[in-house]
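Here are the chains, one letter per residue:
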Amino acid sequence: MARTRHPKKEVEEAIQHAEANGWRIQIGGSHAWGKMYCPYNDAECRCGEFCITSIWSTPKNPGNHARQLRRVVDNCTTRKRAAEAAKSEPEPESE
Amino acid sequence: MEYEFTLKFILLKVSPDADELVERLGEAGCSDALIGIGQPGRIALDFTREAESAQQAVFSALDVARHAIPEAKLIEVTPDFVGLSDVAELVGVTRQNMRKLMLTHKATFPAAVHEGSVALWHLYPVLKWLQERADYRIEPSLLEVAYIAMQINLAKEASQIERRVQREVTALVA
């Protein structure tokens, strides 16, 4: 995908993790490098504030920033519920 | 030590747009916080802050926020108010496990702050109980942060108390 990469490797990897989970990335800002938007926009979501999360250009600690971004993606309640539902489905035949 | 906590704010009606607030927080050195702007009229700062103590970490964060975004009013500091599933997640056990622990130790398990369609506890006394009574290993930084978060939330609420009521209640409830 043609977007600018984040200068910090760990943060870029966390952004890619978000993208792999359907989050939309919007670049822009000065201290902020950009924002990530949760793909689910439903009434049952109770993640609230972090459905839109700001990404820093030069976080104080890139490792921590990356870990926090991943946690937001992984803690999304809608995503978790979908994962739970998938788990309780019978395993599809793998090759 | 590194301390993890979140400050949740409500924004005054006339606030600049969220991007502007984020830039100001960046300018003020809050890039050790993840900024959440997904709710209109709200802003949340999820810190991983290096400091000598949890109190220093949280107080310095509150101070920076107060100057950088004066249009934000603190709602709560987390982790403090929790349900059983939150506690379970924080200490790394299942919710069922946590529930069983509570039910088998009804006499000593900390009483909930509120019990209704949901039950809520302050996190600190529950962690303390788990550590002392149930031999759980609790991260010292988590225990410390839960304590200061509770103190701040209580202090913030206490500003609403009428002095006269406070005096009488102290006598009645102590």
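Residues numbered from 1 in each chain as written. Chains lettered and ligands numbered in written order. Predicted model: local features only at pLDDT ≥ 70, side-chain atom pairs only at ≥ 80, totals over all residues.

A. Local environment of unusual backbone geometry. All names here are of chain B. A cis amide bond links T78 to the next residue, P79, at an omega of 5°. By the secondary structure assignment, P79 is in the loop between β4 (72–78) and β5 (81–82). Phi at D135 is positive, roughly 60°, even though this residue is not glycine. When you line up the elements, D135 lands in the loop between α5 (123–133) and α6 (140–158). (Helix = DSSP H or I, 4+ residues; strand = E, 2+ residues; numbered from the N terminus.)

B. The interface of chain B and chain A, seen in detail. Residue-level contacts link 18 residues of chain B with 20 residues of chain A. Taken together, the residues of the side of chain B that touches chain A break down into six nonpolar, six polar and six charged. (Contact = placed C-beta atoms within 7 Å. Nonpolar A, V, L, I, M, F, W, Y, C, P; charged D, E, K, R; others polar.)

C. Spatial organisation of the sheet that holds strand β7 (residues 119–122) of chain B. Residues and elements named next belong to chain B. Across the sheet, which stays open at both edges, the three strands sit in the order β5-β7-β6 with antiparallel pairing between neighbours. If you trace the sheet from one side to the other, it starts and ends with β5 and β6 (114–115), each paired once. Across the face of the sheet, α5 comes into contact with β5 and β7 while running at roughly 75° to β7. (Pairing = 2+ DSSP bridges. Axes fitted to C-alpha atoms, helices over the stretch in contact; angles between N-to-C directions.)

D. Spotlight on the packing of α5(B) against α6(B). Residue and element names in this part refer to chain B. Their axes nearest at 8 Å, the elements α5 and α6 cross at an angle of 150°. Here α5 is positioned roughly antiparallel relative to α6, judged by the angle of their axes. The chirality of how α5 crosses α6 is left-handed. Contacts between α5 and α6 involve L123, Y124 and L127 on the former and, on the latter, L142, L143, A146, Y147 and M150. A breakdown of the residues in the contact of α5 with α6 according to their chemical character gives eight nonpolar, no polar and no charged. (Parallel < 35°, antiparallel > 145°, perpendicular 65-115°, else oblique. Left-handed = near helix turned anticlockwise from the far one by under 90°.)

E. Just the nonpolar core, in detail. The biggest cluster of nonpolar side chains holds 57 residues, and the ones touching the most others in it are L69(A), I35(B), I43(B), L45(B), V58(B) and L123(B). The residues contacting L45(B), other than those within four sequence positions of it, are T6(B), L7(B), C30(B), A33(B), I35(B), A61(B) and A65(B). (Core = buried A, V, L, I, M, F, W, Y, C linked by C-beta atoms within 7 Å. Buried ≥ 20, exposed ≤ 12 C-beta atoms within 10 Å, placed from the backbone.)

F. The packing of helix α2 (residues 54–68) of chain B against α6(B), seen in detail. Residues and elements named next belong to chain B. Packing of α2 against α6 leaves a shortest axis separation of 9 Å and a crossing angle of 50°. Regarding the angle of α2 to α6, the classification is oblique. As α2 runs across α6, the sense of the crossing is right-handed. Within the contact between the two elements, α2 uses A54, Q55 and V58 and α6 uses S141, E144, V145, I148 and I152. Split by residue class, the contact of α2 with α6 holds five nonpolar, two polar and one charged.

Scope: geometric values only; no functional claims are made or implied.
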